[in-house]
Amino acid sequence: MSIVSNSLKRIKPSPTIAVSQKARELKAAGKDVIGLGAGEPDFDTPDNIKKAAIEAINKGDTKYTAVDGTPALKKAIVNKFKRENNLDYSTEQISVGTGGKQIIFNAILATVNPGDEVIIPAPYWVSYPDIVLLAGGKPKIVKCSERNNFKITPEELKKSITKKTKWIIINSPSNPTGSGYNQKELKALGEVLKKNKNVFILSDDIYEHITYDDFEFFTIAQIKELKDRTLTMNGVSKSYAMTGWRIGYGAGPKDIIKAMAKLQSQSTTNPSSISQAAAVEALNGTQDFIKTRVESFKERRDFVVTYLNSIKGLSCLKPNGAFYVFPNCKKLLGKKLKTDKDFVEKLLGEALVAVVQGSAFGLDGYFRISYATSMDNLKTALERIKSFCESLS
Ligand code: PLP
C-alpha cells in the first residue's frame, strides 16, 4: 500500500517547475540549453529593496511576526490598493503569505468543501486546478477560444455557473497567454456575477504592473457590488523581481482573511520577517524602475511575436501584459508529432530550447514561451525554433 494520501494522489507536480528542472539538468550535463520555461523576471531585485532587507537583519527583525503579516507591511498594502486601484481596505482585510501561491492555496483550502466547483478559464496558471483538487473541490475548466484572446465570455461564464459554484478565478494579465481583461470586459463578466450571489471571485493580479501599449489595468474588486465577494491576490514576485523572497498578499472579506490566517497558523506561520521588511520598501519606495523594465519587456515581446509569426506553421497573438506568449502550433502537429507535448519534448531534445506545452495549461495545440530573458538568448532560441519547425515539414 502506498504511503501517499488520497488527497495528494489527486494532484501532480507543477509542469512548469518540471520543465525548468529538466533544462537545468541538461545544462549541468554540458548541453547548451536555452530555457524559455521559467516564469520569473531576469532582472535583479532593486538595490533599495535589498538595502531594506539588510537593515532589517541588522536591526534584529529576525523573529516570528504576526501570522499573516507585520503591521508595517499590511499598512503598505492598504496604501498600495488606495494609490493604485482606488480601493479602500482595512488592515484586517489583508493577508500576507509566502508568495502569491500560498495566498491562493490558503483561500481555496479554507473555503472549498468536497464537491464545490471552482470555475477556471483555460488556458490557466498550472496550480489552480491542483489546489482545488487537493481541497476536494471540482475544477470546472472552461476552454477559452483564441478568437477571444483566450478570455472567458459572459455567455461562457453564465453557462458554467451552477448551484455548487464557489469561486471563479480570473487572472489578468494572464499566465500563460499574456491576455488582459479591460474594464469593459470585466464589467460585462461582472453583470453575470452580480446575478449569481453564491459565487466568490478570486482575482489573480500578480502581473498588474507588466502591461503594454494602451492597455489600462482594471481589477474586478473595483466593481462596487462585487467587492465584498472578491479576494484580490497580488504580490511582489513579478513587478519587483522578487520571486525568491516569497511574499504575496490578498485583500478581501474579513471572514475569508481570518480563515486563511487560521490555516497559515497551522502550516508555515508567518512569511520571512526579512522578506516582509523588503516588501514594505518595494511597495512604499520608488516605483520608477518598473517603467524601464516594462519597456524592456515590451521590446522583447515585439521581437518574439514578429519572429514567431514569420515561422511557417506557427501563429501568435500579441499579448497586452505579463512576459509570456502562447503561440499556436496546431499546423505542425500530425503524424510525426501528435501532441504539443511531443512538440516541446522534441524541441528540447533536438533544438535545445525549453518551453512548456499548452496542454499543461489546459489548452492543447499551443506552447508557452517566457520572454523574460536576454535579447541574445531570445534571438538564438527563435533561430533554433525556426530551424526545428522547418525540419518538420
Ligand atoms: N499567479 C500567477 C498567474 C503566476 O504566474 C504566479 C507565479 O508564477 C503566481 C500566481 C505565484 O506567484 P508567487 O511566486 O508570488 O507565489
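Residues numbered from 1 in each chain as written. Predicted model: local features only at pLDDT ≥ 70, side-chain atom pairs only at ≥ 80, totals over all residues. Heavy atoms only, no water.

## Let's talk about the site of the ligand
Step number 1: What surrounds the ligand is a group of 13 residues, the closest being Gly-100, Asn-175, Asp-204, Ser-237 and Lys-238.
Step number 2: Taking Gly-100, its main chain carries an N or O atom lying 2.8 Å from an oxygen atom of the ligand.
Step number 3: At 2.6 Å, a side-chain N or O of Lys-238 approaches an oxygen atom of the ligand.
Step number 4: When isolated, the ligand has an accessible area of 390 Å², and the protein chains bury 92% of it.
Step number 5: Each residue belonging to the shell around the ligand can be placed in one class, and the counts come to four nonpolar, five polar and four charged. (Near = heavy atom within 4 Å. Polar contact = N/O pair within 3.5 Å; in protein donor to acceptor, adjacent residues only side chain to side chain. Areas by Shrake-Rupley, 256 points an atom, 1.4 Å probe, with all protein chains shown as cover. Nonpolar A, V, L, I, M, F, W, Y, C, P; charged D, E, K, R; others polar.)

## Details of the sheet that holds strand E6 (residues 200-204)
Step number 1: Spatially, the seven strands line up as an open sheet ordered E2-E8-E7-E6-E5-E3-E4, and their pairing is mixed. At either end of the open sheet lies a strand with only one pairing partner, and these are strand E2 (94-97) and strand E4 (138-143). Mean inter-strand twist for the sheet, computed between neighbouring axes without regard to direction, equals 20 degrees.
Step number 2: Helix-sheet contacts for helix H6 (residues 127-134) involve strand E3 (117-122), E4, strand E5 (165-171) and E6, and the interaxial angle to E4 is about 155 degrees. (Pairing = 2+ DSSP bridges. Helix = DSSP H or I, 4+ residues; strand = E, 2+ residues; numbered from the N terminus. Axes fitted to C-alpha atoms, helices over the stretch in contact; angles between N-to-C directions. Contact = heavy atoms within 4.5 Å.)

## Section: the domain arrangement of the protein chain
Step number 1: Taken domain by domain, the protein chain holds domain 1 (6-44 + 289-392) and domain 2 (63-284).
Step number 2: Put simply, the middle of domain 1 and the middle of domain 2, counted by C-alpha atoms, are 25 Å apart.
Step number 3: Contacts between the two partners involve 39 residues from domain 1 and, on the opposite side, 35 residues from domain 2.
Step number 4: Here domain 1 meets domain 2 over a buried area of about 3100 Å², counting both sides, of which 59% is carbon and sulfur.
Step number 5: Area buried by domain 1 at its contact with domain 2 is led by Leu-317, Asn-320 and Phe-361, which between them contribute 19% of it.
Step number 6: Taken together, the connections running from domain 1 to domain 2 amount to three salt bridges.
Step number 7: On inspection of domain 1 and its partner domain 2, the count reaches 18 residue pairs in polar contact (both at pLDDT 80 or more).
Step number 8: For the side of domain 1 that touches domain 2, the secondary structure elements donating two or more residues are helix H1 (6-9), helix H2 (15-28), helix H11 (288-309) and strand E9 (324-325).
Step number 9: Of all the elements, H11 adds the most residues to the side of domain 1 that touches domain 2, at seven residues.
Step number 10: Considered class by class, the residues forming the side of domain 1 that touches domain 2 number 22 nonpolar, nine polar and eight charged. (Domains from an automatic or database assignment. Buried area = accessible area lost by both parts, 1.4 Å probe. Salt bridge = Lys/Arg side-chain N within 4 Å of Asp/Glu carboxyl O.)

## Looking at the side chain of Asn-234
Step number 1: In this fold, Asn-234 is placed in strand E7 (residues 230-235).
Step number 2: Here Asp-205 takes part through its backbone oxygen, which lies 3.5 Å from a polar atom of the side chain of Asn-234.
Step number 3: A distance of 2.9 Å separates the side chain of Asn-234 from the side chain of Glu-208, its partner in a polar contact.
Step number 4: Asn-234 has contacts with Lys-80, Asp-205, Ile-206, Glu-208, Gly-248 and Tyr-249, leaving out every residue within four places of it along the chain.

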